[in-house]
Amino acid sequence: MPINDAGNKYALVYTESGIPTFRHLATQETLHGQVGPYEEAQKLYVESSAIQTKNGKCIVYDIGMGCGAQLIAMFHAFLANKNLTHMTIVSFDLEKEGLVLLWQNKELFPYINQFTHILPMCLEKNHLLVNLEDGRLFEWIFIQGDFVQTLESEAKYPYADIICYDFFSPASHPQLWTYNIFSKLRERVKEDSLLITYSSATCIRAALLASGFFVGMGIASGKKARSTLASPTAQTLKELLPPEWKNRFARSQAQFSSLEKDENKAIIKERIATHSQWDL
Ligand SMILES: C[S@@+](CC[C@H](N)C(=O)[O-])C[C@H]1O[C@@H](n2cnc3c(N)ncnc32)[C@H](O)[C@@H]1O
C-alpha cells in the first residue's frame, strides 16, 4: 500500500494520561496510545519473550522498528541478563524517521537510558557491533525497506529466536498481515522461536496457523484484548488457542486480511480445519 501524502513521518503527542509518545502521520495511529511506547514494549514484548531466562546467543527480530521502544527495551533486557553472551537485534522498517524523532526529543524519553551512546550510531550506520565492558557482544542490523519485498529478497540476516511483530493494524496495513507474509517469515525463524504480536485479530491468528505456526494467547495488550503468541513448536506456548476457536473463525466476519488472495483464503480454511493444534 503506498504511503499517503503525510509521508512515513511521526509527530510528538501525549497519551490521555500525559505520557509522551508518537503519532504516525500517514496512518494517524498513535504508538501504544494508552501506556506509552516503552511500557508496552517492556510488558508485551520483553516479558512475554522470557528473554530474562535465556542464555548464550539470542537473535531478536524487531519488526516495525518505529521509534525504537522494542529495540531499546530488548537491549536493556540483554544488559540485565548476564547469561546472554551475544544479542543480535535485527530491526526492520521503511526508514529511520522514528529513531530520528526519538533522538530529537530524547529529554522527554528517559527510556533511552543506557542506549544513549548507541542511538546516534544507529542513525549513522545499518550494522553495529558493540563490545560491552563485561566482554559480551551486542549486534544491531537494520534492514531497510518494504517488509513485503524484504521477505522476497536475498537479504542476509540470521534466523530469529524471538520475533516482535509490531506493524500497524491490519485495517491500516493489511498487506503486512497475510498468509504470504507469515509463510515467508516462518522460513526465517528457528523451530522453538516465539513470535509476539499485540493483536488479537482473528485474521492474524488464522494466517499464522495456516503458515505452520502453533498459536496461543498472550497477555492483554494495554487495555485491549489478549495478545497473540505463535511458534513452530507447540510446547513453546503456555496457552494454545482451544479447538473451539475454529468455531469462532467459522462465524467471523473478518476471517482474512482485506488483501488476502482468494487462493490463499482456501488454503487458510483448509489448514485451520486440519491443524494438529486441535489434537493436542
Ligand atoms: C507500530 S509502528 C512500530 C512501533 C515500534 N515498534 C516502536 O517501538 O516504536 C510500525 C512501523 O512499521 C513501519 N512500516 C510501515 N509499513 C512498512 C512496510 N511496508 N515495511 C516495513 N516497515 C513498515 C512504519 O514505518 C512504523 O515505524
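Everything numeric in this text was worked out from a predicted model, so none of it was measured.

Undergrad: Explanation requested: helix H2 (residues 69-80) in the structure shown.
TA: Since the α-helix packs 3.6 residues into each turn, any two residues three or four apart lie on the same face. Compared with an ideal rise of 1.5 Å per residue, which puts 12 residues at 16 Å, H2 spans 17 Å between its outermost C-alpha atoms and is within 8% of the ideal. Taking burial as the measure, the 12 residues of H2 include 9 buried ones, the bulk of the element. Along its buried surface, H2 packs onto helix H1 (37-49), strand S4 (56-63), strand S5 (84-93), strand S7 (137-144) and strand S8 (160-165).

Undergrad: Explain the packing of H1 against H2 to me, please; I cannot follow it from the model alone.
TA: Pairs of packed helices are described in terms of their axes, by the angle between the two and the distance that separates them. Where H1 contacts H2, the axes come no closer than 9 Å and their chain directions differ by 60°. It follows that H1 is oblique to H2 by the angle criterion. Seen along the crossing, H1 lies across H2 with a hand that is right-handed. Here Pro 37, Tyr 38, Glu 40, Ala 41, Gln 42, Tyr 45 and Val 46 of H1 come into contact with H2, specifically with Ala 69, Gln 70, Ala 73, Met 74 and Ala 77. For the contact of H1 with H2, the per-class residue count stands at 9 nonpolar, 2 polar and 1 charged.

Undergrad: Is there a simple way to think about the nonpolar core in this case?
TA: Side chains of a nonpolar character, in soluble globular proteins, are inclined to be buried together. Membership of the largest hydrophobic core comes to 73 residues, with the highest contact counts inside it found for Val 60, Ala 73, Met 74, Ile 163, Cys 164, Ile 196 and Ala 207. A total of 8 residues in this core trace back to one element, the largest contributor, which is H2. Once you skip the residues sitting within four places of it in the chain, Ala 73 turns out to touch Tyr 38, Ala 41, Gln 42, Tyr 45 and Val 46.

Undergrad: Where do I start with the site of the ligand in this structure?
TA: Taken together, 23 residues surround the ligand, and among them Gly 64, Gly 66, Cys 67, Ala 69 and Phe 147 come closest. If you list the elements that add at least two residues to the shell around the ligand, you get H1, H2, S5 and helix H5 (147-152). Its residues assigned to classes, the shell around the ligand comprises 13 nonpolar, 7 polar and 3 charged.

Undergrad: When you look at unusual backbone geometry in this model, what are you seeing that I'm missing?
TA: Across residues other than glycine, the phi torsion is negative in most instances, and most of the peptide bonds are trans. At Ala 50, a position not held by glycine, the phi torsion is positive, near 55°. By the secondary structure assignment, Ala 50 is in the loop between H1 and S4. Classification of Ala 50 as partly exposed rests on a count of 13 C-beta atoms within 10 Å. You will see that Asn 113, though not glycine, has its phi angle at about 40°, which is positive. The topology assignment puts Asn 113 in the loop between helix H3 (97-104) and helix H4 (119-124).

Undergrad: Can you help me understand the pairing of S5 in this one?
TA: As a general feature of sheets, a regular strand has side chains that alternate between the two faces. For S5, the buried fraction is high: 8 of the 10 residues fall into the buried class. For S4 and S5, the ladder comprises 8 bridges, and the chain directions are parallel. By the bridge assignment for S5, Asp 62 is matched with Ser 91. Each parallel crossover has a hand, and the one from S4 via H2 to S5 is right-handed. One ladder, built from 8 bridges, connects S5 with S7; its direction is parallel. Of the residues in S7, the one forming a bridge with His 86 is Leu 137.

Thresholds, definitions, all that
- Residues numbered from 1 in each chain as written.
- Predicted model: local features only at pLDDT ≥ 70, side-chain atom pairs only at ≥ 80, totals over all residues.
- Helix = DSSP H or I, 4+ residues; strand = E, 2+ residues; numbered from the N terminus.
- Expected span 1.5 Å × (residues − 1).
- Buried ≥ 20, exposed ≤ 12 C-beta atoms within 10 Å, placed from the backbone.
- Contact = placed C-beta atoms within 7 Å.
- Axes fitted to C-alpha atoms, helices over the stretch in contact; angles between N-to-C directions.
- Parallel < 35°, antiparallel > 145°, perpendicular 65-115°, else oblique.
- Left-handed = near helix turned anticlockwise from the far one by under 90°.
- Nonpolar A, V, L, I, M, F, W, Y, C, P; charged D, E, K, R; others polar.
- Core = buried A, V, L, I, M, F, W, Y, C linked by C-beta atoms within 7 Å.
- Near = placed C-beta within 6 Å.
- Pairing = 2+ DSSP bridges.
- Right-handed = clockwise from strand over helix to strand, strands pointing away.

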